[in-house]
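The lines below spell out each chain.
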Amino acid sequence: MTPHLLPRRRFIALVGGGAVFAAAPLAGCSSSPYPAAAVGAWEPVAPDTDLRRWMLAHALLAPNPHNRQPWVADLRRDGEITLVCDAARLLPETDPFGRQVLIGCGAFVELAVLAAAERGVRVDVQAFPDGEPGARELPGGRAVARLVLKAGAARDPLFAQIRRRHTHKGEYDSARAVAAADWAALAACAGERGVQAGAVTDAPRVAELRALTREAYRIEITTDRTYLESAHLMRVGASEIERHRDGISIPGAMPALMSAIGLFDRFEVPRAGSANLQRAMDRWAPFETGSGYFWLASRGNGRRAQVDSGRAWVRAHLQATALGLEMHPLSQALQEFAEMRGPYEALHRVLGFDPAADTVQMFGRVGHAKAPWAGTPRRPLDDLVGPRA
Ligand SMILES: Cc1cc2nc3c(=O)[nH]c(=O)nc-3n(C[C@H](O)[C@H](O)[C@H](O)COP(=O)(O)O)c2cc1C
């Protein structure tokens, strides 16, 4: 029986529909499920490439929220790169003050610094050279960092992991512990950027955090404006993925087919009690696997601390890659929109922080993956180079 001959409900039940795709980016696989052009950025870069382009070619592989890649690189000043936060690539509903976007910018800075060091060049990082955005202001259009190139830097072994690092969103082996020395190594990397870090591995708190992250996810996908923000960033099937090279990629022929014939409506918000919501919640299950959780926190919630948290997170993630571990941020409970207040405060308290005084900047699961994972799409380097008209 061909799909169009099946009753709509039965067909959706067979292959899954609606939010099910939003919740589960893709199954683990050894070859890329994405069009080759969309993931070309993961190929090695010629070592004699112009230094600033070499730095950018590595920096653009940084982890970043919803793969928005909120980066403009202004190269007009010789011997410098000014990183500007792209005003067209913010997440105003789930990230209303641009905190997560600035964390992504921090990760970009760190990879640029590692890439320069690989070529013997030290980078003087000047955060917010034209002033910091206000605490409740979106940072779009702001210069986040000026990277001034200087002579003489030692190579950093984490550089070798840049093209191997991926945010693995599949199932981890929950029965396999992460060695205490490895947790300490992740925390030490974060500490190098002045950010507090720690792990949760005891069973009662892990269980508490699993329930908390699940509830936070339920809130995000049943709140119309936060769900729809993600829905607008879904790239369904090869042609959308290749065209945009950002956002939430949903590869494979079946979702594209269902979308084309109207059986998958990405804009259908999961409603309480619906089969659509149940399927989405079922697909959360792999996100509850792992050996424990890793977090980064700062005193207060300053803009520099957010950028430093991005630098710290990617260093820890590169170290995890070197150790054969995976890391996957689960940010829903850290989001600063009103409906998330309960999980936000609860997460802070479980981790031992006062939400009025401290900010958990990053939180994610860590573990050993059951299958390999592929690199996600990136926009071409020339798309990053500004300024924007
Ligand atoms: C600040 C921040 C928050 C993130 N939050 C989530 C999240 O809640 N859920 C998730 O699946 N991935 C999250 N990620 C990971 C991104 O989705 C991922 O970095 C991006 O898709 C690019 O993929 P890559 O890291 O494999 O290169 C987050 C990353 C950053 C930097």
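Residues numbered from 1 in each chain as written. Predicted model: local features only at pLDDT ≥ 70, side-chain atom pairs only at ≥ 80, totals over all residues.

Some details on the overall build of the protein
Point 1. Counting its regular elements, the protein contains 13 helices and eleven strands.
Point 2. For 389 residues, the compact-globule estimate of 2.2 N^0.38 gives 21 Å, and the C-alpha radius of gyration of the protein, at 20 Å, lies within 12% of that figure.
Point 3. C-alpha atoms of the protein, sized along the principal axes, occupy 65 × 45 × 40 Å.
Point 4. Residues classed as buried in the protein amount to 46% of the 389 residues present.
Point 5. At a minimum sequence separation of 6, the contacts of the protein that also span at least 24 residues come to 80%. (Helix = DSSP H or I, 4+ residues; strand = E, 2+ residues; numbered from the N terminus. Rg over C-alpha atoms; globule rule 2.2 N^0.38 Å. Buried ≥ 20, exposed ≤ 12 C-beta atoms within 10 Å, placed from the backbone. Contact = placed C-beta atoms within 7 Å.)

Description of the environment of proline 372
Point 1. Counting through the fold element by element, proline 372 comes out in the loop between β10 (358-367) and α13 (381-384).
Point 2. Sequence separation between proline 372 and leucine 318 is 54 residues; the distance between their C-alpha atoms is 16 Å.

Let's talk about the site of the ligand
Point 1. Around the ligand, 16 residues are found, and the nearest of them are Pro63, Asn67, Thr167, Pro329 and Ser331.
Point 2. If you tally residues by element for the shell around the ligand, the top one is helix α4 (residues 99-118), at four residues.
Point 3. Among the residues forming the shell around the ligand, the class breakdown is six nonpolar, nine polar and one charged.
Point 4. Looking at the shell around the ligand, you find at least three residues from each of domain 1 (3-31 + 172-239 + 252-367) and domain 2 (36-163 + 380-386). (Near = placed C-beta within 6 Å. Nonpolar A, V, L, I, M, F, W, Y, C, P; charged D, E, K, R; others polar. Domains from an automatic or database assignment.)

Some details on the domain arrangement of the protein
Point 1. When its domains are assigned, the protein resolves into domain 1 (3-31 + 172-239 + 252-367) and domain 2 (36-163 + 380-386).
Point 2. For domain 1 and domain 2, the distance between their C-alpha centroids amounts to 23 Å.
Point 3. Opposite the 29 residues of domain 1 that make contact, domain 2 presents 31 residues.
Point 4. Broken down by secondary-structure element, the contributors of at least two residues to the side of domain 1 that touches domain 2 are α7 (224-231), α11 (303-322) and β10.
Point 5. Sort the elements by how many residues they give to the side of domain 1 that touches domain 2 and α11 lands first, with 16 residues.
Point 6. Looking at the side of domain 1 that touches domain 2, its residues break down into eight nonpolar, twelve polar and nine charged.

Things to note about the pairing of strand β1 (residues 71-74)
Point 1. Pairing geometry for β1 and strand β2 (residues 80-85), over four bridges, is antiparallel. Counterpart to tryptophan 71 in the pairing with β2 is cysteine 85.
Point 2. Counting the residues between successive antiparallel strands, the hairpin from β1 to β2 contains five residues, one of them, glycine 79, with a positive phi of roughly 70°.
Point 3. Examined bridge by bridge, β1 and strand β11 (residues 385-386) share two bridges and lie parallel to one another. Along β11, the bridge assignment pairs alanine 73 with valine 385. (Pairing = 2+ DSSP bridges.)

So, the packing of α4 against α11
Point 1. Across the interface, α4 lies against α11 with an axial gap of 7 Å and an inter-helix angle of 55°. With respect to α11, the element α4 is oriented oblique. Between α4 and α11 lies a crossing of right-handed hand. Contacts between α4 and α11 involve Arg99, Leu102, Ile103, Gly104, Cys105, Gly106, Ala107, Val109, Glu110 and Leu111 from the first element and Arg303, Gln306, Val307, Asp308, Ser309, Gly310, Arg311, Trp313, Val314 and Arg315 from the second.
Point 2. Counted by class, the contact of α4 with α11 contains nine nonpolar, five polar and six charged residues. (Axes fitted to C-alpha atoms, helices over the stretch in contact; angles between N-to-C directions. Parallel < 35°, antiparallel > 145°, perpendicular 65-115°, else oblique. Left-handed = near helix turned anticlockwise from the far one by under 90°.)

Examining unusual backbone geometry
Point 1. Here the bond from glycine 386 into proline 387 is cis, since omega is 5°, no more than 30 degrees from zero.
Point 2. In this structure, asparagine 67 is a non-glycine residue whose phi angle is positive, near 50°.
Point 3. Residue placement: asparagine 67 occurs in the loop between α3 (51-59) and β1.
Point 4. The exposure class assigned to asparagine 67 is buried, which follows from the 23 C-beta atoms found within 10 Å.

Overview of α7
Point 1. All of the buried residues in α7 are Thr226, Tyr227, Ser230 and Ala231. Down the axis of α7, the smallest arc covering the buried residues is 145°, so these residues share one side. Facing away from the buried side of α7 by more than 90 degrees, the exposed set consists of Asp224 and Arg225. (Arc of directions from axis to C-beta.)

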